[in-house]
Amino acid sequence: MRLVCLWPGLAAAWHGGNLRGLVVSVVFGWTLSVLLIASFVWQEWFSAALVGMLWSGLGLVWLAESARSMWTFQSL
């Protein structure tokens, strides 16, 4: 059941009914979708350097939020 912790905010939204978790989950999904489109479909939207920085930032946010979700999963 800890797989739900791999999507940032989903554990708090699903199990705890937390509005902040829902917002984090939706914003993460939207950002991931935009980055996938900017990387593979419309590559002229952003420069390659900016897309690389955004991917790195999203990866760091994913790691931090997933770790926080796993840490607080027991209290939910």
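Here, the structure is the one placed above.
Residues numbered from 1 in each chain as written. Predicted model: local features only at pLDDT ≥ 70, side-chain atom pairs only at ≥ 80, totals over all residues. Heavy atoms only, no water.

*Asks:* I keep staring at the overall build of the chain and nothing clicks. Help me out?
*Replies:* The secondary structure content of the chain amounts to three helices and zero strands. Going from N to C terminus, the chain has its helices and strands arranged as α-α-α. For the chain, the C-alpha atoms occupy an extent of roughly 45 × 20 × 15 Å along the three principal directions. Taken over 76 residues, the chain has a buried fraction of 25%. The contacts of the chain with a sequence gap of at least 6 include a subset with a gap of at least 24, amounting to 48%. (Helix = DSSP H or I, 4+ residues; strand = E, 2+ residues; numbered from the N terminus. Buried < 20%, exposed > 50% of the residue type's maximum accessible area, 1.4 Å probe, protein only. Contact = heavy atoms within 4.5 Å.)

*Asks:* How should helix α2 (residues 19-40) be read in this particular structure?
*Replies:* In an α-helix, one full turn covers 3.6 residues, which means residues spaced three or four apart are oriented alike. For α2, built from 22 residues, the straight-helix expectation of 32 Å at 1.5 Å per residue is met to within 8% by its first-to-last C-alpha distance of 32 Å. Among all positions of α2, only Gly-21, Ser-25, Phe-28, Gly-29, Leu-35, Ala-38 and Ser-39 are buried. For α2, the secondary structure elements touched by its buried residues are α1 (10-16) and α3 (48-72). Put simply, Asn-18 is the residue that caps the front of α2, since its side-chain oxygen is 3.0 Å from the backbone nitrogen of Arg-20. (Expected span 1.5 Å × (residues − 1). Polar contact = N/O pair within 3.5 Å; in protein donor to acceptor, adjacent residues only side chain to side chain.)

*Asks:* Just to check I follow, could you spell out the packing of α2 against α3 for this structure?
*Replies:* When two helices pack together, you describe them by how their axes are tilted relative to each other and by the distance separating the axes. The N-to-C vectors of α2 and α3 enclose an angle of 150°; their axes lie 11 Å apart at closest approach. Taken together, the axes of α2 and α3 lie roughly antiparallel to each other. Considering the relative orientation of α2 and α3, their crossing is left-handed. Contact residues: α2 offers Arg-20, Val-24, Phe-28, Thr-31, Leu-32, Leu-35, Leu-36 and Ser-39, while α3 offers Val-51, Leu-54, Trp-55, Leu-58, Trp-62, Glu-65 and Arg-68. Taken together, the residues that form the contact of α2 with α3 break down as 10 nonpolar, two polar and three charged. (Axes fitted to C-alpha atoms, helices over the stretch in contact; angles between N-to-C directions. Parallel < 35°, antiparallel > 145°, perpendicular 65-115°, else oblique. Left-handed = near helix turned anticlockwise from the far one by under 90°. Nonpolar A, V, L, I, M, F, W, Y, C, P; charged D, E, K, R; others polar.)

*Asks:* Even after reading the chapter, I still don't get the pattern of salt bridges, so can you show me in this structure?
*Replies:* Proximity of charged atoms lets side chains of opposite charge pair with each other. A full pass over the atoms with the stated rule returns two salt bridges. As a salt-bridge pair, Glu-65 and Arg-68 come within 3.0 Å of each other at their nearest N and O atoms. Highlighted residues: Glu-65 and Arg-68, both in helix α3, separated by three residues, approximately one helical turn. Given the relative accessible area of 34%, Arg-68 is considered partly exposed. Counted as one network, the salt bridges with shared partners bring together Arg-20, Glu-65 and Arg-68. (Salt bridge = Lys/Arg side-chain N within 4 Å of Asp/Glu carboxyl O.)

*Asks:* Whenever I open this one, α3 confuses me. Can you help?
*Replies:* If you check α3, its first and last C-alpha atoms are 36 Å apart, about what 25 residues at 1.5 Å a residue would give, namely 36 Å. Listed as buried for α3 are Val-51, Leu-58, Glu-65, Ser-66 and Ser-69. Residues of α3 that are buried make contact with α2.

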